[in-house]
Amino acid sequence: MAEAIAVQPDAATAGPVLEVAGLRKEFGELVAVDDVTFSVPQATSLAIVGESGSGKTTIARMIVGLERPTAGTITACGADRSAPARSARDRRRRGSEVQIVFQDPYTSLDPRQTAEATVDEVLRLHHGWPRDRRRARIAELTELVGLDGRQARALPRALSGGQRQRVAIARALAAEPRVLILDESVAALDVSIQAQVLNLLADIRDSTGVTYVLISHDLAVVRQLTDEVIVLHRGVVVERGATASVLDDPQHEYTRRLRASVPRPGWKPRRGALLGGGEEASG
Amino acid sequence: MDQSAAAPPGAPLLLVEGLTVRLPVEGAQRAVLRDVGLSISPGEAVGLVGESGSGKSMTARAIDRLLPRGAQVAGTISYDGTDVMSLSGAAMRRYRNQVAMIFQDPRAHVNPVRRVGDFMTEALRTNLGVQPAEAATRAADMLGQVGIADGRRRLRQYPHELSGGMLQRVMIATALLTEPKLLLADEPTTALDVTTQAEVMAILDDLRREFGLAMLFITHDLELAAAICDRTAVMYAGQIVEVRQSALLHDDPLHPYTAALAAARPDIAQTAPRLAAIPGRPLSAFEAPEEECAFAPRCPHVRDICRAETPELVGLNGGLSRCARAIELRGQLTPAHAPDGGSDG
Amino acid sequence: MSELMSRARAGDAAPLVTVREPRARRGAVGLLRATGAAGLASAVVIAIATVIAVIGPLIAPFSPTLVHPSLPWVGPTGGHLLGFDVEGRDVLSRLLAGATSSMLGPLAVVIGSLLAGTLLAVIAAWRRGLVDAVISSGLDILFAFPGILLAVLAAAVFGAGLPAASIALAIAYMPYVARVLRGAALKERSQPYVAALEVQGASATTICLRHIVPNIMPLIVAQATILFGYAMVDLAAISFIGLGVQPPAPNWGFMISENQVGIPQHYPLPALSAGACIVAVVIAFNVLGERLFEQAQASR
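Being a predicted model, the structure only gives us computed values, none of them experimental.

**Student:** I tried to follow the overall build of chain C on my own but got confused; where do I start?
**Tutor:** Per the secondary structure count, chain C includes 11 helices and zero strands. Along chain C, helices (α) and strands (β) appear in the sequence α-α-α-α-α-α-α-α-α-α-α when read from the amino end. Projected onto its principal axes, the C-alpha coordinates of chain C cover approximately 85 × 45 × 30 Å. Among the 300 residues that make up chain C, the fraction classed as buried is 47%. When contacts within chain C are restricted to residue pairs at least 6 apart in sequence, long-range pairs at least 24 apart make up 69% of them.

**Student:** I tried to follow the overall build of chain B on my own but got confused; where do I start?
**Tutor:** On a plain count of helices and strands, chain B comes out with 12 helices and 12 strands. For chain B, the C-alpha radius of gyration of 21 Å lies close to 20 Å, the compact-globule estimate for 345 residues. Going through the 345 residues of chain B one by one, you find that 54% of them count as buried. Residue pairs in contact within chain B that sit at least 24 positions apart in sequence constitute 67% of those at least 6 positions apart.

**Student:** What should I look at first to understand the interface of chain A and chain B in this one?
**Tutor:** How big an interface is tends to be reported as the loss of accessible area on association of its parts. Between chain A and chain B, the contact holds 40 residues from the first and 46 residues from the second. Looking at the side of chain A that touches chain B, the elements that each hand over two or more residues are helix H7 (191-208), helix H8 (219-225) and helix H10 (253-260) of chain A. For the side of chain A that touches chain B, the element with the highest residue contribution is H7 of chain A, accounting for eight residues. Residues of the side of chain A that touches chain B, tallied by class, amount to 17 nonpolar, 13 polar and 10 charged.

**Student:** Is there a simple way to think about the environment of Val191 of chain A in this case?
**Tutor:** If you trace the backbone, Val191 of chain A turns up in helix H7. C-beta crowding within 10 Å serves as the criterion here: with 23 such atoms nearby, Val191 of chain A is assigned to the buried category. Contact partners of Val191 of chain A, with chain neighbours within four places excluded, come to Glu51, His220, Leu261, Ala264 and Arg265 of chain B.

**Student:** When you look at unusual backbone geometry in this model, what are you seeing that I'm missing?
**Tutor:** Note: most peptide bonds trans; most residues except glycine with negative phi. Residues and elements named next belong to chain B. Not every positive phi belongs to a glycine, and Glu179 is a case in point at roughly 50 degrees. Inspection of the secondary structure puts Glu179 in the loop between helix H6 (164-177) and strand E7 (182-186). With phi around 50 degrees, Ala237 is a residue other than glycine that occupies positive phi space. Its place among the elements puts Ala237 in the loop between strand E9 (231-236) and strand E10 (239-245). Classification of Ala237 as buried rests on a count of 27 C-beta atoms within 10 Å.

**Student:** Explain the sheet that holds strand E2 (residues 30-40) of chain A to me, please; I cannot follow it from the model alone.
**Tutor:** Hydrogen bonds between backbone groups are what pair the strands of a sheet, and the pairing can be parallel or antiparallel. Residues and elements named next belong to chain A. Read from one edge to the other, the open sheet built from four strands follows the order E2-E1-E4-E5, with strand pairing classed as antiparallel. Sheet topology places E2 and strand E5 (79-80) at the edges, where each strand pairs with a single neighbour. Pairing of strand E1 (residues 18-27) with strand E4 (residues 71-76), which is carried by five bridges, proceeds in the antiparallel orientation. For Val20, the partnering residue across the bridge sits in E4 and is Ile74.

**Student:** Can you walk me through the confidence of the model for chain C in this structure?
**Tutor:** Detailed reading of the predicted coordinates is not advisable wherever pLDDT falls low. All names here are of chain C. Mean pLDDT over chain C stands at 83; residues scoring 70 or higher make up 90%. Averaged pLDDT values over the elements of chain C bottom out at 37 in helix H1 (residues 2-8) and peak at 94 in helix H8 (residues 192-200). In this model residues 14-25 is a low-confidence stretch, pLDDT under 50, and it forms 23 contacts with partners more than four residues away in sequence or in other chains. ipTM for the predicted complex: 0.87, alongside a pTM of 0.85.

**Student:** Is there a simple way to explain the packing of helix H4 (residues 132-145) of chain B against H6 of chain B in this structure?
**Tutor:** Packed helices, taken two at a time, are described by their axes: the angle between them and the distance between them. All names here are of chain B. One can describe the packing of H4 onto H6 by two numbers: an axis separation of 9 Å at closest approach and a directional angle of 125 degrees. Taken together, the axes of H4 and H6 lie oblique to each other. Regarding H4 and H6, the two cross each other, and that crossing is right-handed. Only Ala173, Leu176 and Leu177 of H6 make contact with H4, whose side of the interface consists of Arg138, Ala139, Met142, Leu143 and Gln145. Counted by class, the contact of H4 with H6 contains six nonpolar, one polar and one charged residues.

**Student:** What am I meant to see in the pairing of strand E3 (residues 45-49) of chain B here?
**Tutor:** Looking along a regular strand, one sees side chains alternate from face to face of the sheet. Extensive coverage of E3 of chain B is indicated by the burial of five of its five residues. Here E3 of chain B shows a buried face lined by Ala45, Gly47 and Val49 of chain B and a second buried face lined by Val46 and Leu48 of chain B.

**Student:** Looking at this structure, I do not really get helix H3 (residues 116-127) of chain B. What am I missing?
**Tutor:** It helps to recall that an α-helix has 3.6 residues per turn; residues three or four apart then point in one direction. Residues and elements named next belong to chain B. For H3, every residue scored as buried is listed here: Val116, Gly117, Met120, Thr121 and Leu124. Within H3, the buried residues cover an arc of 85 degrees as seen down the axis, which keeps them to one side. If you follow the buried residues of H3, they end up packed against H4, helix H5 (151-155) and H6. Remark: Gly129 follows H3 within two positions and exhibits a positive phi of approximately 65 degrees.

Reading the values: the criteria
Every chain begins its residue count from 1, and numbering advances along the sequence as written. Working convention: letters from A go to chains and numbers from 1 go to ligands, in the order in which they are written. Local features are withheld for residues below a pLDDT of 70 in this predicted model, meaning they are given only at 70 or higher, and side-chain atom pairs are given and counted only at 80 or more; totals for whole chains, interfaces and linings count all residues. Here a strand is any run of E in DSSP of at least two residues, a helix any run of H or I of at least four, and the numbering for each starts at the N terminus. Put plainly, a residue is buried at 20 or more neighbouring C-beta atoms within 10 Å of its own, exposed at 12 or fewer, and partly exposed in between, counting only other residues' C-beta atoms, which are placed from the backbone. Two residues form a contact once the distance between their C-beta atoms, set from the backbone, is within 7 Å. The reference for a compact globule is 2.2 Å times residues^0.38; the radius of gyration itself is calculated from the C-alpha atoms. Note on residue categories: nonpolar means Ala, Val, Leu, Ile, Met, Phe, Trp, Tyr, Cys or Pro, charged means Asp, Glu, Lys or Arg, and polar means any other residue, Gly included. Strand pairing is assigned whenever DSSP identifies at least 2 bridges connecting the two strands. For every residue, the predictor assigns a confidence score, pLDDT, that lies between 0 and 100. In this analysis an axis means a line fitted to C-alpha atoms, helices contributing only their contacting stretch, and an angle means the value between N-to-C directions, from 0 to 180 degrees. Angle categories are assigned with fixed cut-offs, so that under 35 degrees is roughly parallel, over 145 is roughly antiparallel, 65 to 115 is roughly perpendicular, and the rest are oblique. In this scheme the crossing of two helices becomes right-handed for a clockwise turn of the near helix relative to the far one and left-handed for an anticlockwise turn of less than a right angle. For this quantity, the arc is that covered by the directions from the helix axis to the C-beta atoms.

Dropping the structure here:
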């Protein structure tokens, strides 16, 4: 059953499924993203790590088309998406290539739609299927994300945070994207629920072959879910490499500081000068 | 079971016993805290760890008399020997000077149209009758203590001109100005970047030692509590389920929930083939069944005895555990011994 | 971003005292019950007025327009429960028959201003930026024109009568509606679920019609109810000065006007009873509208 949802690798493009080159975003005078380049091979997982003001969320928004890059190119599944979509068909096509799961489970679902209706809407948008086929696919998807029948028919307000995130994941997968961007998707969840959802995400990757781009500030989550990582600081990539190497042996001073700030058994916080001097309302 | 058994000797500064709180929700009274007991000695830092619904924030609010209207409170909270629940008027104000609270989101607790200096010195000026000039000097000095340079200039700024981390440090400084003996910190660093969090934690730790402050540090992060707290209490479904020396909590937990919580967290040093997720989801006090262990439905070590009645707190190796099988499970709860995987909820 | 986390970490246990408390979806009945005794009473008054507006002319005991030249100002006698008005017509019958135009006018105003106001509000909220600035400035200009002034202008240009007055008032009310709805629409538009739909490739029209508008519907309903009251007062005033419903068609506002001479002459009943009808219905709409508005705010 899960095979029905497997991502079909495009035989024509053997190259990376997502490529970003020289990406830049300015908000007035503020440079949020400065010359960022990376590429993600199919069926791998990349983490984009940074704190607030690093530009990681802006990059995610640019990839899915919610923000427009000031400069640089974004290519997904071989097609350029640096400029806004031209037509409705173009928009839908892009939607079937890259999808996103947001951080806040409480506002990322329409409060008036049940889980089934939410997923159904996406199916109707991308496929012209008859109702029976859609019903079957909704059942497959809700089962894939671990929701039972009662939860699938419930409105968001009757669901917990973890359950809502599962609905959001099902909605994203309904479009059968090649790339799924997880924008701090587990950050707002309790520890025990976070573990469930991380396991779920790993299972989904195994059974569908989807590529993940994980935006996160949480290094332990990054270690658990991803193969490669890039570290952002104030819009600039300061380090990149295999997740295990970068986390075990960070080279850049900022990465080292990040690593050293993570609480763990035996950890003691130490005072030190913050990078960049005093913080001025930068978030 | 005397819940202060795990504490250092000497009279406690704060003693909570049998605290049960019910809140009116849509007509019904719902329990949010059940028989919570806690003791904090002078100068001691105690961590309070739990997921949502555990009641950790509610406990802090009860101590600071910030419960919502209509709350029913049973049990006692005594500060320095005095019953907190019966305080009013001037005695209440003195209490508030002695017990300071810092919150998770500083921006929600600050008036955006007043300058930083205004609200920092408010308690000094109104409650303690300090002259404005003297109050401003003390405020500027305290800002220096929390690592904010150029205090005088900062006093004239507005909250929106400060970043989240800086504002939280201002809140800490504000709390310390009235020279409290007890600090209640409700997830003070959850909303901050991890590097800022490390800095703020270090400041809290330093100042606490310097001023001899006792602290109740509330967080969802087990490792964070262990970093600066001497003892840590773990809450689940409105109850205290474990109290332990922080150093021992990770390697020798006394309650299956604590062990499960530690095991569920991904490890920054390695990739696990599968995380040991706890099935189901955390319960609030009012959802938990009355006559059995609240964690029983999710516990990998559950037996019939766990469903017979709500377990009492049992003293063990200097700690406390609310597990019916605490003694027989001793030493078998660490992640190395956790049952395989576990199904996901 | 970390600053969002503090708000979002409500976690997984059932919420306790927040408004996200799970409960059965409530329909119109539940909503009414939530408005309290005052809300229910108002709803009843409105229901009665609506029914009378529909069947008024049919249940009137006597003809509302039949003049009895010899019976002006005669008090309540034999079947004529409220007596006769200045022209000797049965007051009660005129009230019942007049309900139609007195309710229909405000209805047209509310529908017109809501349609136009919602459309502009949603467009402004969706497009933001320059489009929003232009629309908001245009609305600001319209704000400067009091409703009655526009109605008088319309009467001067298009002739007196209910249609012209209603359209003029609809235009005058539109900025109020648009301003309130624009705020709510902006808030919806910036929610992640809207972004998720955009990323899915849904069109702007679909998102606005199927998601944004339904989510601000409680506010729209509350606005409609409040505005009905205001429209009724304004239209009564316009009819009072003779630019609305033309005689001999009965209309509450006009009835006050034509019967006001009776008040100093100690025949207050015709004028005051018409006034009482307006007051009762307007208060009912205001009270219900305010309560619905509170519910709309609370449920977010």
